[in-house]
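Each chain, letter by letter, is given below.
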Amino acid sequence: MLCFGKSFENLQVTSSSSLTSSDTPSQRVQFILGNEEDAEHVSHELFTELDEICVKDGKDAEWKETARWLKFEEDVEDGGERWSKPYVATLSLHSLFELRSCIINGSVLLDMRADCIEEIADMVLDHQEASNELDDSVRVRVREALLKRHHHQNEKKKNLIPIVRSITEGARKQSEPHLIGEFDGGCHTSMSYIKVDLHFMKKIPEGAEASNVLVGELDFLERPIVAFVRLSPAVLLTGLTEVPIPTRFLFILLGPDGKAQQYHEIGRSMATIMTDEIFHDVAYKAKDRSDLLAGIDEFLDQVTVLPPGEWDPSIRIEPPKKVPSQVHSCSQLKIFRKAPFYWSDFKDGLSLQCVASFLFLYCACMSPVITFGGLLGEATEGRISLFGASMTGVAYSLFAGQPLTILGSTGPVLVFEKILFKFCKDYDLSYLSLRTCIGLWTALLCLLLVATDASSLVCYITRFTEEAFAALICLIFIYEALEKLFHLGELYPYNAYSDLDKLTLAYCKCAEPDNPSNETLEIWNERNITASAVPWANLTVKECISLHGHFAGTACGHHGPYTPDVLFWSAILFFSTFFMSAFLKQFKTSRYFPTKVRSMISDFAVFLTIVFMVLIDFAIGVPSQKLKVPSKFQPTRDDRGWFINPIGRNPWWTALAASIPALLCTILIFMDQQITAVIINRKEHKLLKGCGYHLDLLMVGVMLAVCSIMGLPWFVAATVLSISHVNSLKLESESSAPGEQPRFLGIREQRLTGLVIFLLMGLSVFMTRVLKLIPMPVLYGVFLYMGASSLKGIQFFDRLKLFGMPAKHQPDFIYLRHVPLRKVHLFTVTQLTCLVLLWVIKTSPAAIVFPMMVLALVFIRKVLDLCFSKRELSYLDDLIRFDYSSKSPRSQVSTHIQI
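Residues numbered from 1 in each chain as written. Predicted model: local features only at pLDDT ≥ 70, side-chain atom pairs only at ≥ 80, totals over all residues. Heavy atoms only, no water.

**Q** Go over the overall build of the chain, please, and point to the residues and values.
**A** For the chain, the count of helices and strands is 33 helices and 16 strands. Per-residue burial for the chain yields a buried fraction of 52% across its 899 residues. The contacts of the chain with a sequence gap of at least 6 include a subset with a gap of at least 24, amounting to 80%. Counting every atom, the chain has about 43,100 Å² of accessible surface; 59% of that belongs to carbon and sulfur. (Helix = DSSP H or I, 4+ residues; strand = E, 2+ residues; numbered from the N terminus. Buried < 20%, exposed > 50% of the residue type's maximum accessible area, 1.4 Å probe, protein only. Contact = heavy atoms within 4.5 Å. Areas by Shrake-Rupley, 256 points an atom, 1.4 Å probe, with all protein chains shown as cover.)

**Q** Explain the packing of aromatic side chains to me, using residue names and the numbers behind them.
**A** The full count for this structure, using the stated rule, is twelve aromatic pairs. Here a set of aromatic residues connected by ring pairs shows up, and it is made of F228, F249 and Y284. Geometry around W83 places R68 over its ring, the cationic atom sitting 4.0 Å from the centre. Lying across the ring of W714, R435 places its NZ or CZ 4.5 Å from the centre. (Phe/Tyr/Trp six-rings, centres within 6.5 Å; stacked < 30°, edge-to-face > 60°. Lys NZ or Arg CZ within 6 Å of the ring centre and 35° of its normal.)

**Q** Hey, could you go over the nonpolar core for me, with residue numbers and the actual values?
**A** Core analysis: the biggest nonpolar cluster contains 131 residues, and I438, W714, I757 and M786 have the highest contact counts within it. Beyond its immediate chain neighbours, meaning those up to four positions away, I438 contacts F416, L420, A658, P661, A662 and W714. If you look at the next biggest cluster of nonpolar residues, it comprises 36 residues, including L50, C102, V213 and I296. (Core = buried A, V, L, I, M, F, W, Y, C linked by side-chain atoms within 4.5 Å.)

**Q** Go over the packing of helix α3 (residues 117-130) against helix α4 (residues 136-146) with me, naming the residues and quoting the values.
**A** The geometry of α3 relative to α4 is characterised by a closest axis approach of 10 Å and an angle of 150° between their N-to-C directions. If you check the angle between α3 and α4, you find them roughly antiparallel. Viewed along their axes, α3 and α4 form a crossing whose handedness is right-handed. Residues I117, E118, A121, D122, L125, D126 and E129 of α3 lie in contact with α4, whose contacting residues are D136, R139, V142, R143 and L146. Within the contact of α3 with α4, the residues separate by chemical class into five nonpolar, no polar and seven charged. (Axes fitted to C-alpha atoms, helices over the stretch in contact; angles between N-to-C directions. Parallel < 35°, antiparallel > 145°, perpendicular 65-115°, else oblique. Left-handed = near helix turned anticlockwise from the far one by under 90°. Nonpolar A, V, L, I, M, F, W, Y, C, P; charged D, E, K, R; others polar.)

**Q** I'd like to hear about the pairing of strand β10 (residues 247-255), residue by residue, with values.
**A** When you tally the buried positions in β10, you get nine out of nine residues, the bulk of the element. The pairing of strand β8 (residues 209-218) with β10 spans eight bridges and is classified as parallel. If you follow A210 over to β10, its bridge partner there is T247. Bridge analysis of strand β9 (residues 225-235) against β10 gives seven bridges, and the strand direction is antiparallel. When the sheet's bridge partners are listed, R230 is paired in β10 with F249. (Pairing = 2+ DSSP bridges.)

**Q** Hey, could you go over the environment of P86 for me, with residue numbers and the actual values?
**A** Its location among the elements puts P86 in the loop between β3 (73-75) and α2 (93-105). For the pair P86 and W69, spaced 17 residues apart in sequence, the C-alpha to C-alpha distance is 8.7 Å.

**Q** Explain the side chain of E49 residue by residue, including any values.
**A** In this fold, E49 is placed in strand β1 (residues 46-55). It is R68 that comes nearest to the buried, bridge-free E49 among opposite-charge side chains, at 7.6 Å. Among the polar contacts listed, one links the side chain of E49 to the backbone nitrogen of E242, at a separation of 2.9 Å. Not counting residues within four places of it along the chain, the set of residues in contact with E49 comprises E65, A67, R68, H152, S211, N212, V213, L240, T241 and E242. (Lys, Arg positive; Asp, Glu negative; His and termini not counted. Salt bridge = Lys/Arg side-chain N within 4 Å of Asp/Glu carboxyl O. Polar contact = N/O pair within 3.5 Å; in protein donor to acceptor, adjacent residues only side chain to side chain.)

**Q** Go over the state of the cysteines, please, and point to the residues and values.
**A** Under the criterion given, the structure shown has two disulfides. Here C508 pairs with C556 through a disulfide, and the sulfurs are 1.8 Å apart. For the disulfide bridge between C508 and C556, the dihedral angle about the S-S bond is near 115°, and by the sign convention the bridge is right-handed. A residue pair is termed long-range when its members are at least 10 positions apart, and C508 in the loop between α16 (463-491) and β12 (509-511) and C556 in the loop between β13 (550-552) and α19 (564-585) qualify at 48 residues. Looking at C556, the relative accessible area reads 11%, which means it is buried. Linked covalently through their sulfurs, C510 and C544 form a disulfide whose S-S length is 2.0 Å. With the S-S bond torsion at 80°, the cross-link from C510 to C544 turns out right-handed. Here C544 lies in helix α18 (residues 541-546) and C510 lies in strand β12, a separation of 34 residues in the sequence. No difference in accessibility class separates C510 from C544, as the two residues are buried. (Disulfide = S-S within 2.5 Å.)

**Q** Now, about the pairing of β1: what can you tell me, with residues and values included?
**A** Across the ten residues that make up β1, a large majority, nine, are buried. Sheet analysis places β1 next to strand β2 (residues 63-69), joined by five bridges and oriented antiparallel. Of the residues in β2, the one forming a bridge with D51 is E65.

**Q** Hey, could you go over α19 for me, with residue numbers and the actual values?
**A** Its 22 residues give α19 an end-to-end C-alpha distance of 32 Å, which sits within 8% of 32 Å, the value for a rise of 1.5 Å per residue. Looking only at α19, the buried set comprises V566, L567, W569, S570, L573, F574, T577, F578, S581 and L584. Next to the buried residues of α19 lie α16, α20 (595-603), α21 (605-620) and α28 (776-790). (Expected span 1.5 Å × (residues − 1).)

So, to be careful, I would describe these as geometric facts and stop short of saying anything about function.
Take a look at the structure:
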């Protein structure tokens, strides 16, 4: 251990502040950080570099860079040819105490003005002479050592760009360094060239400053020379740091021969503590030596010590994947509060990420709109037009309070439409007229909900309700994607028990039915067809089906010839789309290609997958089922116009009676819209422009009335599409320290993606030639991907996995620390029961009461207040809020450095 004649235990350094000796290090640091900032003590991000030197037997030596810190430590490997992977610094407790002793007994020079390394060296040596610790002969040799050339690791690289020093200085105006070339006073002013690693420069935040740690052994010294220097202002010292940024701090430790490893560990401790977020701020604001010691003591208070023999210190700890971050709340915003962001909603959409988002979601939205449109057409005999999707989406994207929400047709709405159509058919009522009345009543009730501030009731929609609903919608997407794949087995059947040896004898031909049904006979009579005159054996599959012929032969299924190649090729497209989309989406974390290329591939993951699958399908040539897009704008039936009469041929009282089913429809739309909005506006999404529950519901109500009058489908917030939209617009930090995972910054909040998606949807009639090349199994695979990816982050599924995990293998979830496991399981079982009930009701003939069951989730959640304490529910049923009211300045973002 370095010995300065004073022991750590007996030394008491008193502060010049009003703090007493009984104050804890945390309290002293709080006092230091609570002082008002001035321009010269504003904290900057720090880059720390450790240089070492060894002068022996009068041989020439130079400073060599051995390690660097931006957030995590990187070492020059023993071979000296490469940097190590970034890792969490592990320090010895001994070296930390020695560092504290160095600060106590060494020179502490704060807010010194210097223009070059020569002036800094003179100031340090003058202070050492004043303490009678240095004679003239030794001073000269120490000064020579301090001014020796610095050799940096990046100088060995060949792909570096030489940059004139004056240019690099001008690029860092934010730090306001003093330029070396502008001063005389003994400083060298040559305009030398430096080499800069541009790739590493991108990792350094704008306005960052340097902290240089210089340690080494000089054989002519008898006792150590220690100095901590803070410059004011920061100054660019050419050649001292590997990157051209101004230096703010220097720590110098030069000692006698034979203790190089000891000096190295003290230097590592100093560099590591400078990267600590609390000591970093203390170093900028410290007024004297005692403030620095308080920062070190506070750091030591947070240290966790691992006993020797229990852990190998040579193991390098990987940087953590996630670090805590502060989240902020989102309140309901009215129109005048959203207005200031309106123009930026369009400017912020001018990004390549938004292009990837709308290309992906355009393909994802087209299929369900066409699918639901087809189902509505079948259920209503073609009485519904598909033009409404584009019109409603464009209007919502332009004027809604939360344009990140994507509108679409939903299963419950389809069920409602089917029941209503069947009712009208049974009682000989005009379906479109009665539907128009119900739609107008629903729109009126939505407007009343907006006027009465009913959207404030979303505060009762907690994690319990939103996760049950979101899980249901995700499972519906997954189930329907798989169901559509199995349905292809009916359209393209295969022979499960065929004899491969008799394939040459297989055939399938159309034949005259032996016992034609009455329906078949009526069709023949209407078309004046004589069965005996029809060349049945020469008919195509479609002609045979249209004439109600019979398929006969060993290669025939129930609906026609076996076509196994189409079915199995569809299955290949389906699963390949799912796995390729998931793989490319995770490509951002791959080790291959530069960061920008990986990010671009990740952003365009689904679109690239669709394009690739379309090309493969086209090249293989198997006739898989393709997307069908309308080729022109027109009403779906010739017997209806663009606008619907609310009364029509129905009795007048139906307009009043329509208010009863409209009430049920309003509950359905309100819950569907607001639950999706709550999910989108989650605090962890870090939305900056606020929400707009009232404005969103207002736009849905207005467009509901317009679509009802025009006989168009009703559209409401689509949960899975909206979640996929948000996930595709996540923002991450571009500048991150080596080893540090990019930080999630929030969502790119804008209106352009939704606007372009629905504009393209309306223009799809002009892109029929291209869109008809997209195989439906590919879109089904996209459905499966969206449903599965939307399940990520749902706490409910994390808790479900706990049932099959032994306690020692369970993840370190925050709620497992504070809530008994049996209570966690009880909460999960309750939520699972509600999910199963919702599924059963949705798929049963009682599906009309589905919205009432969704509403019942809110009341079931209130009943849980009787079974769980408020503290338990705060962890299980709400976003975990970080508590920043802790007395420690580190608060909830406290980091325990492992020693």
